[in-house]
Amino acid sequence: MVSDYHVILASNSPRRKELLAGIDIPFDVRVIDGIDESYPADLPTKKIAEFISHKKAMAYRETMADDELVITADTIVILGNEVMGKPKNEADAKRMLYELSGQTHQVITGVTLTTLSRQSSFSVETDVTFKQLSDEEVDYYVSKYQPMDKAGAYGIQEWIGHIGVTGMRGSYFNVMGLPVQRIYEALQAY
């Protein structure tokens, strides 16, 4: 499987590294800082993550070797039609968690696999339902876990996921940030 390629994970995320390692594919990490993650204002919300993962992939093409396969990804949280990015500060994190409280939202991860001769993209969507979170729960989570680096202000693998998630339809690993089952399937075609 992908024995012809040196796999590169284009992410500093410890969660993505852990997840990709879980499917026993040797890989290295390479990160290009400062990639523009903007997207057109009229882009449908369900296409944003895939658009950004493709944009990230294009930044790597110039530096790739013939034998490399680069995996780029972007994860977004959508409530209704609002894209919830990473919180700017603790107050913003609390606002996001209050909005997600008692609701079902979507987590979408877009993935792009790139070699010099081929590129493919896909996205995976998971529905996540939170119980009604109390003020104490939101305050505790934000102050202890500092989720400012997480889309939607939470990590499902952390305390808030353990006590707050009442239901899920789709991939748990997708919510963590990398739909490894779909990546494994896609790599079979390379």
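Above: the structure in question.
Residues numbered from 1 in each chain as written. Predicted model: local features only at pLDDT ≥ 70, side-chain atom pairs only at ≥ 80, totals over all residues. Heavy atoms only, no water.

1. Focus on the side chain of Asp127
Turning to step 1, where the next piece is worked out: Inspection of the secondary structure assignment puts Asp127 in strand β6 (residues 119-130).
Turning to step 2, where the next piece is worked out: Polar contacts involving the side chain of Asp127 include one to the side chain of Gln106, which spans 3.1 Å.
Turning to step 3, where the next piece is worked out: For Asp127, the residues in contact, after removing those within four places along its chain, are Thr104, His105, Gln106, Gly167, Met168 and Arg169. (Helix = DSSP H or I, 4+ residues; strand = E, 2+ residues; numbered from the N terminus. Polar contact = N/O pair within 3.5 Å; in protein donor to acceptor, adjacent residues only side chain to side chain. Contact = heavy atoms within 4.5 Å.)

2. Remarks on unusual backbone geometry
Turning to step 1, where the next piece is worked out: At Asp24, a residue that is not glycine, the phi angle is positive and equals roughly 55°.
Turning to step 2, where the next piece is worked out: Position of Asp24 relative to the elements: it lies in the loop between α1 (14-21) and β2 (27-29).
Turning to step 3, where the next piece is worked out: Despite not being glycine, Gln146 has its phi angle at roughly 45°, a positive value.
Turning to step 4, where the next piece is worked out: Under the relative-accessibility criterion, Gln146 is labelled partly exposed at 36%. (Buried < 20%, exposed > 50% of the residue type's maximum accessible area, 1.4 Å probe, protein only.)

3. Some thoughts on α1
Turning to step 1, where the next piece is worked out: The set of residues buried in α1 consists of Arg15, Arg16, Leu19 and Leu20. For α1, the angular spread of the buried residues around the axis is 125°, confining them to a single face. Facing away from the buried side of α1 by over 90 degrees, the exposed positions are Pro14 and Glu18.
Turning to step 2, where the next piece is worked out: Close packing links the buried residues of α1 with β1 (6-9), β2, β3 (68-79), α6 (172-176) and α7 (180-187). (Arc of directions from axis to C-beta.)

4. Some points on the pattern of salt bridges
Turning to step 1, where the next piece is worked out: Per the stated rule, a full pass over the model turns up 14 salt bridges.
Turning to step 2, where the next piece is worked out: Between Arg169 and Asp127 there is a salt bridge whose closest N-O contact spans 2.3 Å. Separated by 42 residues along the polypeptide, Arg169 in strand β7 (residues 165-169) and Asp127 in strand β6 bring together distant segments of the chain.
Turning to step 3, where the next piece is worked out: Assessed through its relative accessible area of 61%, Arg169 is described here as exposed.
Turning to step 4, where the next piece is worked out: Take Asp127: its relative accessible area is 13%, and that puts it in the buried class.
Turning to step 5, where the next piece is worked out: Connected through salt bridges with shared partners, the residues Arg15, Asp149, Lys150 and Glu158 form a single ionic network. (Salt bridge = Lys/Arg side-chain N within 4 Å of Asp/Glu carboxyl O.)

5. Section: the pairing of β3
Turning to step 1, where the next piece is worked out: With twelve of twelve residues buried, β3 is to be regarded as a mostly interior element.
Turning to step 2, where the next piece is worked out: Here β3 shows a buried face lined by Glu68, Val70, Thr72, Asp74, Ile76 and Ile78 and a second buried face lined by Leu69, Ile71, Ala73, Thr75, Val77 and Leu79.
Turning to step 3, where the next piece is worked out: Relative to β3, β1 runs parallel, the two being bridged by four bridges. Counterpart to Ile8 in the pairing with β3 is Val70.
Turning to step 4, where the next piece is worked out: Where β3 meets strand β4 (residues 82-84), three bridges bridge the pair, whose relative direction is antiparallel. Considered in β4, the bridge of Leu79 is made with Glu82.
Turning to step 5, where the next piece is worked out: In this structure, the hairpin formed by β3 and β4 is closed by a connection of two residues, where Gly80 is found at a positive phi of approximately 65°. (Pairing = 2+ DSSP bridges.)

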